[in-house]
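# Fold and geometry: a report
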Amino acid sequence: IYKKIDSTLKGNLGIEIEAALQGLDRSLAVVAPAFPDMGRRLIRGELRLGERQTATQLHLPSLLADHVQAAIETIEFQQVGRGFPVLITRLREAVQRKSRIVVVDAVDDRDLATIAQTCAALSDTVLGVGSAGRQAISQILAQEYVEDEYRGRVMSLFMMQHSLMSVGTFSVALYMDRVGPQFAI
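This write-up is about the structure you can find in this document.

Turning our eyes to something else, we now look at unusual backbone geometry. Phi at Gln57 takes a positive value of approximately 70°, unusual for a residue other than glycine. Note that Gln57 resides in strand β5 (residues 54–59).

What follows is the structure in structure tokens.
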């Protein structure tokens, strides 16, 4: 189970996360809103934008602390970069300490894949929260559960969906240009 949020940290994030935790009976929310393909990274809990990773002054743990009573922890990108064994240990420790929210840094797709893999391994207690993570989760699941002999075929179909989305968007834009947005949408 995965809770999608805005990668620019807009909205009532804390309230939404607490409601999802309660409604889904999960112990811990792993919050990773980074979206590296769109130039959005989380470094030391702060949203960074673009190739230069310009600071936004949006510190996610502080934003969440302003709206929730839950215990919040952070895991920085250096820990995430050490891989699955380190991250799963850190998250299990957070559960034992009764933390409810862990903000996890991510600077690239590899970090998101590690976070997704860890959330999948702890799916009975953890709620994944983010923007681009659903892509990483589906990719991890496809690679983990597809038999070796079919993995290449499945991954090629998985990758093809991204190019088909662009074709569909282009077609809708052309149609909208001809008939107007009120009829195209």
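Picking up after the structure, the text goes on.
Here Leu13 shows up in helix α1 (residues 13–24). Distance from Leu13 to Val31, taken between C-alpha atoms, is 10.0 Å for residues 18 residues apart in sequence. With near-sequence residues (within four places) excluded, Leu13 lies in contact with Ile5, Leu60 and Leu64.

Bringing the side chain of Arg48 into the picture now. Here Arg48 is to be found in strand β4 (residues 46–49). There is a polar contact of 3.2 Å between the side chain of Arg48 and the side chain of Glu46. Once residues within four sequence positions are removed from consideration, Arg48 is found in contact with Gly39, Arg40, Arg41, Ile43, Gln53, Thr54 and Ala55.

Okay, the pairing of strand β8 (residues 126–130) next. Every other side chain in a regular strand lies on the same face of the sheet, so the side chains alternate between the two faces. A large share of β8 lies buried, amounting to five of its five residues. Taking every second residue as pointing to the same face, both faces of β8 are buried, with Val126, Gly128 and Gly130 on one and Leu127 and Val129 on the other. Pairing between strand β1 (residues 2–4) and β8: three bridges, direction parallel. Paired with Tyr2 across the strands is Gly128, a residue of β8. As judged from the five bridges shared by strand β2 (residues 28–32) and β8, these two strands associate in the parallel manner. By the bridge assignment, Ala29 is partnered in β8 with Leu127.

What follows deals with the packing of helix α4 (residues 84–96) against helix α5 (residues 109–121). The contact between α4 and α5 brings their axes to 9 Å, and the two run at 50°. The orientation of α4 with respect to α5, classified from their angle, is oblique. Note on packing geometry: the crossing formed by α4 with α5 is right-handed. Listed contacts from α5 to Phe84, Leu87, Ile88 and Leu91 of α4 are Thr114, Ile115, Gln117, Thr118 and Ala121.

Below, the discussion takes up the sheet that holds β8. The strand order β1-β8-β2-β7-β6 describes an open sheet built from five strands, whose pairing is parallel. The sheet terminates laterally at β1 and β6 (72–75), the two strands that pair on one side only. With strand direction ignored, the average angle separating the axes of adjacent strands in the sheet is 25°. Here β6 runs beside strand β7 (residues 101–104); their pairing, made up of four bridges, is parallel. Along β7, the bridge assignment pairs Ile72 with Ile101. Docked against the sheet, α4 engages β2, β6 and β7, running at close to 170° with respect to β6.

Turning to the sheet that holds strand β3 (residues 40–43), a few remarks are in order. Spatially, β3-β4-β5 is the arrangement adopted by the three strands of the open sheet, whose pairing is antiparallel. The sheet is open, and its two edges are formed by β3 and β5, each paired on a single side. Each neighbouring strand pair of the sheet contributes to a mean axis angle of 30°, computed without reference to strand direction. Pairing between β4 and β5: three bridges, direction antiparallel. Paired with Glu46 across the bridge in β5 is His59.

About the criteria used
- Residues numbered from 1 in each chain as written.
- Predicted model: local features only at pLDDT ≥ 70, side-chain atom pairs only at ≥ 80, totals over all residues.
- Heavy atoms only, no water.
- Helix = DSSP H or I, 4+ residues; strand = E, 2+ residues; numbered from the N terminus.
- Contact = heavy atoms within 4.5 Å.
- Polar contact = N/O pair within 3.5 Å; in protein donor to acceptor, adjacent residues only side chain to side chain.
- Buried < 20%, exposed > 50% of the residue type's maximum accessible area, 1.4 Å probe, protein only.
- Pairing = 2+ DSSP bridges.
- Axes fitted to C-alpha atoms, helices over the stretch in contact; angles between N-to-C directions.
- Parallel < 35°, antiparallel > 145°, perpendicular 65-115°, else oblique.
- Left-handed = near helix turned anticlockwise from the far one by under 90°.

Interpretation in functional terms is not warranted from these geometric data alone.
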